[in-house]
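So the chains spell out like this:
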Amino acid sequence: MDKILRINMGAEGAPQFTTTPLGEYAGFGGRAMTTAVVSREVPPLCHALSSDNKLVIAPGMLSGTVAAMSGRLSIGCKSPLTGGIKESNSGGQAAQVLARLGYAAIILEGKPKTDDLYKIFINKEGVTIAVDNGLRMLPNYDLVAKMKAEFGDKISCISIGPAGEMKMNVASIACTDMEMRPTRHAGRGGVGAVMGSKGVKAIVLDDTGMSMRSPKDPEKFRDANKRFVEGLTKHPVTGQALPAYGTNVLTNILSEAGGYPTYNFKQGSFAGASKISGETLAELEKKRGGVPTHGCHRGCVIRCSGIFNDKDGHYLTKQPEYETVWAHGGNCGIDDIDAIAMIDFLDDNYGVDTIEMGTTIAVAMDAGIAKFGDAAAAINLVKEVGKGSYLGRILGGGAAVTGKVFGVERVPVVKGQAMPAYDPRAVKGIGVTYATSPMGADHTAGYAVATNILKVGGFVDPLVAEGQIELSRNLQIATAAVDSTGMCIFIAFAVLDQPETFQALLDLLNAFYGLELTGDGVVALGKKVLSMERDFNERAGFTSKQDRLPRYFSNESLAPHNVTFDVKDEDLDKVFNW
Amino acid sequence: MQITINLFATLRNNRFDSDQRQYPCGITIRSILNDLSIPENEAAIIFVNGRHAGPDTALLEKDTVSIFPPIGGG
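Procedures and definitions
- Residue numbers run consecutively from 1 along every chain, following the written order of its sequence.
- To read the labels, note that chains go from A and ligands from 1, taken in the order they are written.
- Given that the model is predicted, a residue must reach a pLDDT of at least 70 before its local features are reported, and side-chain atom pairs must reach 80 or more before they are shown or counted; all residues, however, enter totals for whole chains, interfaces and linings.
- Put simply, DSSP marks the helices as runs of H or I at least four residues long and the strands as runs of E at least two long, and each gets a number from the N terminus on.
- Any residue whose C-beta has 12 or fewer other C-beta atoms within 10 Å is treated as exposed, any with 20 or more as buried, and any in between as partly exposed, C-beta atoms being built from the backbone.
- Axis geometry follows a simple rule: fit a line to the C-alpha atoms, using only the stretch in contact for helices, then measure angles between N-to-C directions, giving values from 0 to 180 degrees.
- Between 65 and 115 degrees an angle is taken as roughly perpendicular, under 35 as roughly parallel, over 145 as roughly antiparallel, and anywhere else as oblique.
- By convention the crossing between two helices is left-handed if the near helix lies anticlockwise of the far one by an angle smaller than a right angle, and right-handed if it lies clockwise.
- Throughout, a pair of residues is in contact if the C-beta atoms placed from their backbones lie within 7 Å.
- Note on residue categories: nonpolar means Ala, Val, Leu, Ile, Met, Phe, Trp, Tyr, Cys or Pro, charged means Asp, Glu, Lys or Arg, and polar means any other residue, Gly included.
- At least two DSSP bridges between two strands are required for those strands to pair.

Another point: the overall build of chain A. Scanning chain A from terminus to terminus reveals 23 helices and 17 strands. The C-alpha extent of chain A, read off along each of the three principal axes, is 60 × 50 × 50 Å. Looking at chain A as a whole, 63% of its 578 residues qualify as buried.

Have a look at this one:
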């Protein structure tokens, strides 16, 4: 991973690429890389769809090695949804393949002067950039089939669907999984729109002939990996619950805890939760010949994903994630798991963020466009987005845009990005993360749910304001660091509870790079990444006024616990107190 | 007194999803775990009427107890 590939999509005549050494970006990976490049090279006041914005695609520091769990890809830019800096993170094969091809980052720059659509092919021999307008408006599954036919079946794809081509704020970037399906997405923040604005439909990777990246100390690396895997296997969350039930195991517990946003964040418990729960989903998958235990990238030992077949036993989509089931399920009052799975497939195919899409539909339901609980109507609304009708374009603008157009007051967004599957009034730690993360309302950025609800890494009562600032701060710092390693954030469940597993992670980094990182070093890295992000946002015009939840969360009481978000503004401003 | 007990994920194996049972007044969660043969370290998350509780919590008439094994997601 010793080179950076820069592709100027706006070069005179045709896109031009150059390959350079890492230079000032040596030592960065994943989110640290994307944030460093964006914060240093993108003018913060630029239009996100302009030639000044850059799309940075970076594997993590340990991607492309034999380290377990190291397959996460970071994609960064100025977000058209939030107007601030964005890092969007995805599983699938791309990170490992890109790293083995030797690239620490691909940077898409500029903007073509024509509306030609390009595909980029990268293999051992080099880089080919070609016009291919025959790919125009292909949904992701069809696009991948075409790339497979053209480039063979050893490829991995990074692609946008019609939503990205239409430059919608909800547009995601898809990465193919081990079965070469476009089921893993860099979902949040409209990164797909930026890729679309640069005229790139697909980046096709083939690492045939390349080898695994070799550590400085292979013996120590092997030993550290062994201990790392042991730690993941023995922890009950990463070793049992996630492989058995996937992330959707959270549906029942959030509804029991009274923190499951229902009917566009009107109440914290959903009567239909059990019907769409992880337990029900796993049963159904097994019954229909699907699989409830499945890894999204080679080297994953947690295997939280799965395969969902329809009533006739045919593949429909990957096991829908908790956030997807919530957004298209309880938040819309829908308790039909087959409808939710169909929407998951449509979201993947059109290339949209399932969280933003679901919250947008719920806002549309509040506007009277459809009834809460009407699954068929919800499916049709998603199809409108794929078609690019005027209604589809409005919905494709995201929850905030949809709320503005239809005059809806209660729009659950921070910095323009829709809140995920935890009500901040009943899970106050995640409320602090939503308010203060440079990413906007984001749950993975500082997953306080782990400690508020799941009792991982200790316990902080979710229903009180006390303790939440420190909790969110520590998790945001740790996450910014983990996001730079290429490791799946779910290692955190084991790493937060088991010091020896955290040590194994440090040992992996140290053995690979010949470093002597300690826990303090990890904290320093996390703080550095967050500081760069905060600085970019400030230069983009953000103030502390953007580090707030919408006012109705402080005024409107949430049943069943009758709570409001009462963390003080002056405390929110203390999260980044270094 | 009548208590509703909800079990989730792996705790349902060889037990039940939801049941209503009679227990003596003021019984603790620990006694119920014993009654159901659930080792304390498997009852990672316990709610009584939607609020976090622990093995020492004593119950009242018509309480709902929900018990989860260690789980995670995101």
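Now, onward.
Residues and elements named next belong to chain A. Between helix 12 (residues 354-366) and helix 15 (residues 399-406), whose axes approach to 8 Å, the crossing angle comes to 15 degrees. Regarding the angle of helix 12 to helix 15, the classification is roughly parallel. Considering how the two elements wind past one another, helix 12 and helix 15 form a crossing that is right-handed. Contacts from Glu356, Thr359, Thr360, Val363 and Ala364 in helix 12 reach Ala399, Thr402 and Gly403 in helix 15. Along the lines of polarity and charge, the residues of the contact of helix 12 with helix 15 split into three nonpolar, four polar and one charged.

Looking now at the sheet that holds strand 3 (residues 55-59) of chain A. Residue and element names in this part refer to chain A. Read across the open sheet, the six strands follow the order 2-1-6-3-4-5; overall the sheet is mixed. Edge positions in the sheet fall to strand 2 (16-21) and strand 5 (85-90), since each of these pairs with one other strand and no more. Averaged over all neighbouring strand pairs, the angle between strand axes comes to 20 degrees, with direction disregarded. Where strand 1 (residues 3-8) and strand 2 come together, six bridges link them in antiparallel fashion.

Next up on the list: unusual backbone geometry. All names here are of chain A. Here the residue pair Ala559 and Pro560 is connected by a cis peptide bond, since its omega of 5 degrees sits within 30 degrees of zero. Structurally, Pro560 is set in the loop between helix 22 (552-555) and helix 23 (569-572). Despite not being glycine, Tyr263 shows a phi value in the positive range, around 55 degrees. With respect to the helices and strands, the residue Tyr263 is situated in the loop between helix 8 (250-257) and helix 9 (278-287). Positioned with a positive phi, Phe265 is a non-glycine residue whose angle comes to about 60 degrees.

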